[in-house]
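# Descriptive analysis of the structure
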Amino acid sequence: MAPPRSRLTRRDALRLGGLALPALALPGLLAGCGSADGSVGSVLRVAQTSDPKTLDPQKQGDLTSMNVLTNLFDTLTTRGPDNQLAPGLALSWISPDPLTWRFKLRPGVRFHNGEPCDAKAVAFSINRLLDPATKSPIVELRYVKQAVVVDELTVDLRCSQPDPIIPAKVSLFGGVAVPPGYLKQVGSAGFAKHPVGTGPFTFVEFQRDHQMRMRANPGYWAGRPSFDELVFLPMPDPSSALASLQSNEVDIVASLTPDAALQIQGYTGVAIRNYPGIRTSYLSLDTTAGPLRDVRVRQALNHAVDVPLLIKAVLDGKAREVPTMFPRESFGFDPSITPYSRDVGLAKRLLADAGFPNGFDTSLTAQTGDSNIAEAISGLLAKAGVRARVNLVDTGTYTSRLTSNNRSALGPIYLAASTGWTLDAESLVQSNVRHDRRQSRWSSPEADRLIDAEELTVGPAGRQRAFTALQSLLKQEAPFVFLYQIDNIYAVNTRPRWQPGVVGVLGMANAQVTS
Amino acid sequence: MTAPTVSVTKTPAAGTGVLRVVVTKVLTAIVVLFFVATAAFFLVRLSGDPVKLILPPDASAAQEATLRASLGLDRPLLTQYLDYLGGLPRLHFGNSLVYDQPVSEVLLARVPATLELAAAALVVALVLAIPAGAFAALRRGRAGDSGVMAGVLIGQSTPAFWVGIVLILIFAVQLQVLPASGYGGFTHLILPAVTLAVYSVAVIARLLRSSMIDVLGSDYIRTARAKGLSTGGIVVSHGMRNAALPVVTVIGLEVGTLLGGAILTEQVFSWPGIGRLTVEAIQNRDFPLVQASVLFFAATFVVVNLLVDLSYTVLDPRVRVTS
């Protein structure tokens, strides 16, 4: 006998469905009692890719962390709307001798717990940063030996060698003031759990990978922010961050790439805003080996990479071509030096002169996130006959190789970028030009001399002369392929009014929020 | 129902048998965890240098050396390894290199969100998969079966990041009835739980279907039918029960996957779970945190497997004897 075919009658189907229905309806019912966020007053919600690594401002050294912490903490100097250095916790600064920087502090500033932010607190902060026990990843105060209290509102930073850009260096990480009394009371771990600063917002709550909430500081020395609460939301995925913006869960999505920003172009109620930025990209060339030893080959590569086309085609126009390594807004940038002409024919002639009429094979290493740019550059190089195989590595591997002792660890050509947030050209050539610096793959006594001149001279005129000469030399010798400075890109809804500086730090004290 | 030869021998050894099983399994688990811990320790160290990632690229070699020493990473590898092993029995995993906080603290803070998401996803998966699998089995070879199986196939072959984004676009952006991402109220849980459940629904429904088809073709079902029981009664009290065994195994494995495999879902929905923490830890080469998360996943999997094994003894008395 054949096995009977099992039949599901309508009654049975309804019964089975009946079992499933309550479970399906449950989320809907509970959704009705979903909690409101419980906050009072006007709120500004900012999404960026990740959370601060720690809330102790002296134990982090990345802009993502600083973007959040700059709202809790003040720095000695700051940047005005014109991107120029402006008073922060310090009202003025001078260099009484080449090895000292003297800061006059703003009177009457207090930490959120009421502690005075005076010379003692500032000196304590700098010295805490310099103490190896702090394990601080902040490296730019490398020539500062110690901070010394001169009087109640005067602090000296004593250096082991001249450092002309100390005032710029204390506009972010190294310039933060932390409360000595509070730290003594709660210890470093307690401080990182509940940070206390002098900044425009006070700490409310931090749940890692969920949210960081801050409230407007009514006693802020520059006046209370115009809205009540500031929330930072970590959103690693740009597509869902933009969806959150469209469903009104976020007001600003920061640090977008041009292609991510394209996703929401044309939607109503949200807008893409791009502002000039300073993150500057270039190709590092290994001038010590192979065809790249020949200056004509290096010049040919610069002629071959059509940067304006690259910006238009791959970066949606959201970048600016740079003549050499320096972004326009940096001290030291010389506008009289122009970018390479883009000319494939000339590139081919230069290659032929150098003995490579049929081009050559090489490789171009980049981080996985930069794959589209790297592929495009490889395509442009191929037009001139240079066949650069793109080699993608993850950020961890890339960074380890970048700073390893083997200077060719990333291959003959790699794509690099740096954010010279000091807005001084020094930061862009600090580690990759002078022959003895770790990322340098070029040896030029003249360049070494110019680096020494700009690093060790305190007067701006002398430094500018050195930078101008250095830019001419860089363009002539082409130890890099110079690319572009990319814009800072944000997606916003209609609520906030806020404009970032070129560094792109997410300081929100002056933002306005309309309801 | 069960064969008489088996039921005769089962009763006396049952209690001690279970205990022996548990002891053997626990010992095996410890060995497994030891190997996992060792592999995690050495593999993560092959992958890169956290000091280089913590410091900006323009740090000097001296600054690197100072930080390396203060993090204890300059000590001989064997010393670090023994230190690490020594801490494990006391659940001391060291301090996170990046967050500068005890690893156990960082990890434990994320457990609730992960458990919440995994539990919700499992509920969604069961609620959808059991009726779907049963329905398909009963409608075997007909349009209903093909429809369900096609849906299941699509579910199984669609990546979580795509399902997640589509759900966000429909329910958060277009309909605006659910939040797009984040963590908090119950509403935040729905989309990630559904996204995470999609794959499990497919796995469970397919297995339940084939298992049910086997069972429904067996003699005792025919007998039950001949006795005049309703189809619903047969399906629920005879079919489901006997088809459950392989399904329970897979559900157990799915729990392990849901707890550890939520990485993409957590990323898409900005969910503060362990998967996302682990990805960040790996990206940062935060050795202690990577080691602890890997151990957490391994331990979860081992425990779930143990529970599945034990559940057999409840569901199927024959298993008690064979073990």
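Residues numbered from 1 in each chain as written. Chains lettered and ligands numbered in written order. Predicted model: local features only at pLDDT ≥ 70, side-chain atom pairs only at ≥ 80, totals over all residues.

Across its full length, chain B holds 16 helices and 0 strands. Considering only C-alpha atoms, chain B reaches an extent of 85 × 60 × 30 Å along its principal axes. Within chain B, the proportion of its 323 residues that are buried is 43%. Long-range contacts, defined here as pairs at least 24 residues apart, represent 75% of the contacts in chain B between residues at least 6 apart. (Helix = DSSP H or I, 4+ residues; strand = E, 2+ residues; numbered from the N terminus. Buried ≥ 20, exposed ≤ 12 C-beta atoms within 10 Å, placed from the backbone. Contact = placed C-beta atoms within 7 Å.)

Our focus in this paragraph is the overall build of chain A. A count of helical and extended segments in chain A gives 15 helices and 19 strands. Along the three orthogonal principal directions, the C-alpha set of chain A runs to about 90 × 80 × 40 Å. Sorting the 515 residues of chain A into buried and exposed places 50% on the buried side. Contacts in chain A between residues far apart in sequence, at least 24 positions, make up 70% of those at least 6 positions apart.

With that settled, the discussion passes to the sheet that holds strand S5 (residues 100–105) of chain A. Note on sheets: strands pair through backbone hydrogen bonds, and any given pair is parallel or antiparallel. All names here are of chain A. Taken together, 4 strands build an open sheet; the order of strands is S4-S5-S7-S6 and the sheet is antiparallel. The open sheet is flanked by strand S4 (90–97) and strand S6 (144–151), the only strands paired with a single partner. Strand-to-strand twist in this sheet, taken as the mean axis angle between neighbours without regard to direction, amounts to 20°. Pairing of S6 with strand S7 (residues 154–159) involves 6 bridges; the strand directions are antiparallel. Within S7, the residue paired with Gln146 across the bridge is Arg158. Sheet contacts for helix H3 (residues 119–130): S5, S6 and S7; angle to S6, the most-contacted strand, approximately 170°. (Pairing = 2+ DSSP bridges. Axes fitted to C-alpha atoms, helices over the stretch in contact; angles between N-to-C directions.)

As a further point, take the interface of chain A and chain B. With 57 residues of chain A at the contact, the number on the chain B side is 60 residues. Those elements that place two or more of their residues in the side of chain A that touches chain B are helix H1 (10–32), strand S10 (229–234), helix H6 (238–246) and helix H12 (395–402) of chain A. If one sorts the elements of the side of chain A that touches chain B by residue count, H1(A) sits on top with 10 residues. Class assignment for the residues of the side of chain A that touches chain B results in 22 nonpolar, 22 polar and 13 charged. (Nonpolar A, V, L, I, M, F, W, Y, C, P; charged D, E, K, R; others polar.)

Moving on, we come to unusual backbone geometry. A negative phi angle characterises most non-glycine residues, just as the trans form characterises most peptide bonds. All names here are of chain A. Despite not being glycine, Lys135 shows a phi value in the positive range, around 55°. Looking at the element boundaries, Lys135 is found in the loop between H3 and S6. Under the C-beta neighbour-count criterion, Lys135 is labelled partly exposed, with 18 such atoms within 10 Å.

Our next topic: helix H14 (residues 274–284) of chain B. For an α-helix, the turn length of 3.6 residues means that residues three or four places apart are oriented alike. Residues and elements named next belong to chain B. Most of H14 sits inside the fold, with 8 of its 11 residues counted as buried. Of all the residues in H14, the buried ones are Ile274, Gly275, Arg276, Leu277, Thr278, Glu280, Ala281 and Asn284. Elements that come into contact with the buried residues of H14 comprise helix H3 (50–54), helix H6 (103–108), helix H7 (111–138), helix H12 (231–260), helix H13 (263–268) and helix H15 (287–315). Looking one or two places after H14, you find Arg285, whose phi comes out positive at around 50°.

Moving on: the packing of helix H14 (residues 445–456) of chain A against helix H15 (residues 460–477) of chain A. Residue and element names in this part refer to chain A. Running from N to C, H14 and H15 point in directions that differ by 155°, and their axes come no closer than 8 Å. By the angle class used here, H14 and H15 are roughly antiparallel. Considering the relative orientation of H14 and H15, their crossing is left-handed. Here Glu446, Ala447, Leu450, Ala453 and Glu454 of H14 come into contact with H15, specifically with Gly462, Arg463, Ala466, Phe467, Ala469, Leu470 and Leu473. (Parallel < 35°, antiparallel > 145°, perpendicular 65-115°, else oblique. Left-handed = near helix turned anticlockwise from the far one by under 90°.)

Another point: the nonpolar core. If you look at the biggest cluster of nonpolar residues, it comprises 203 residues, and the most contacted ones within it are Val253(A) and Ala121(B). When neighbours within four sequence positions are excluded, Val253(A) is seen to be in contact with Ala47(A), Ala241(A), Leu242(A), Leu245(A), Tyr490(A) and Ala491(A). (Core = buried A, V, L, I, M, F, W, Y, C linked by C-beta atoms within 7 Å.)

Turning our attention to the pairing of S4(A). All names here are of chain A. Both S4 and S5 contribute to a ladder of 5 bridges, which runs antiparallel. By the bridge assignment for S5, Trp93 is matched with Phe103. The turn joining S4 and S5, which pair antiparallel and follow one another in sequence, is formed by 2 residues.

Moving on, we come to the pairing of S5(A). For a regular strand, the rule is simple: side chains alternate between the two faces of the sheet. All names here are of chain A. On S5, burial follows the alternation: Trp101, Phe103 and Leu105 on one face are buried, whereas Thr100, Arg102 and Lys104 on the facing-out side are not. In the sheet, S5 pairs with S7 via 5 bridges, with the strands oriented antiparallel. Residue pairing across strands places Phe103 opposite Val155, the latter belonging to S7.

Next up on the list: the environment of Ala222(A). All names here are of chain A. Position of Ala222 relative to the elements: it lies in the loop between strand S9 (211–216) and S10. The class for Ala222 is partly exposed, based on 15 C-beta atoms found within 10 Å. Sequence separation between Ala222 and Gly187 is 35 residues, and the spatial gap between their C-alpha atoms is 29 Å. Residues within four places of Ala222 in sequence aside, it is in contact with Pro200 and Ala509.

All right, on to the packing of helix H9 (residues 160–174) of chain B against helix H10 (residues 186–216) of chain B then. Residues and elements named next belong to chain B. Direction vectors running N to C along H9 and H10 enclose 145°, while the axes themselves pass 9 Å from each other. In this structure, the crossing between H9 and H10 has a hand that is right-handed. Side by side, H9 and H10 meet where Ala160, Val163, Gly164, Leu167, Ile168 and Phe171 of the first sit next to Leu191, Val194, Thr195, Leu196 and Val198 of the second. Residues belonging to the contact of H9 with H10 are distributed by class as follows: 9 nonpolar, 2 polar and no charged.

This brings us to the environment of Phe42(B). Counting through the fold element by element, Phe42(B) comes out in helix H2 (residues 14–46). Each C-alpha atom, one on Phe42(B) and one on Tyr81(B), is 8.6 Å from the other, the two residues being 39 residues apart in sequence.

The next point concerns the confidence of the model for chain A. Parts of the prediction with low pLDDT should not have their coordinates interpreted in detail. Averaged over all residues, the pLDDT of chain A is 90; the fraction at 70 or higher stands at 92%. Counting contacts from residues 1–39 of chain A, a segment whose pLDDT is below 50, to residues more than four positions away or on other chains yields 38 contacts. (pLDDT = per-residue confidence, 0-100.)

Another aspect to go through is the environment of Glu64(B). Residues and elements named next belong to chain B. Assignment of secondary structure puts Glu64 in helix H4 (residues 61–70). Distance from Glu64 to Ile213, taken between C-alpha atoms, is 64 Å for residues 149 residues apart in sequence. Apart from residues lying up to four places away in sequence, Glu64 is in contact with Val51, Leu55 and Ala59.

The next subject is the confidence of the model for chain B. Residues and elements named next belong to chain B. Residue-level pLDDT values for chain B average 84, and 92% of them are 70 or greater. Here helix H1 (residues 4–10) stands out as the least confident element of chain B, with mean pLDDT 39; helix H5 (residues 77–87) is the most confident, with 92. Throughout residues 1–14 the model reports pLDDT below 50, and contacts reaching past four residues in sequence, or to other chains, amount to 11 contacts. Reported for the predicted complex are a pTM of 0.85 and an ipTM of 0.79.

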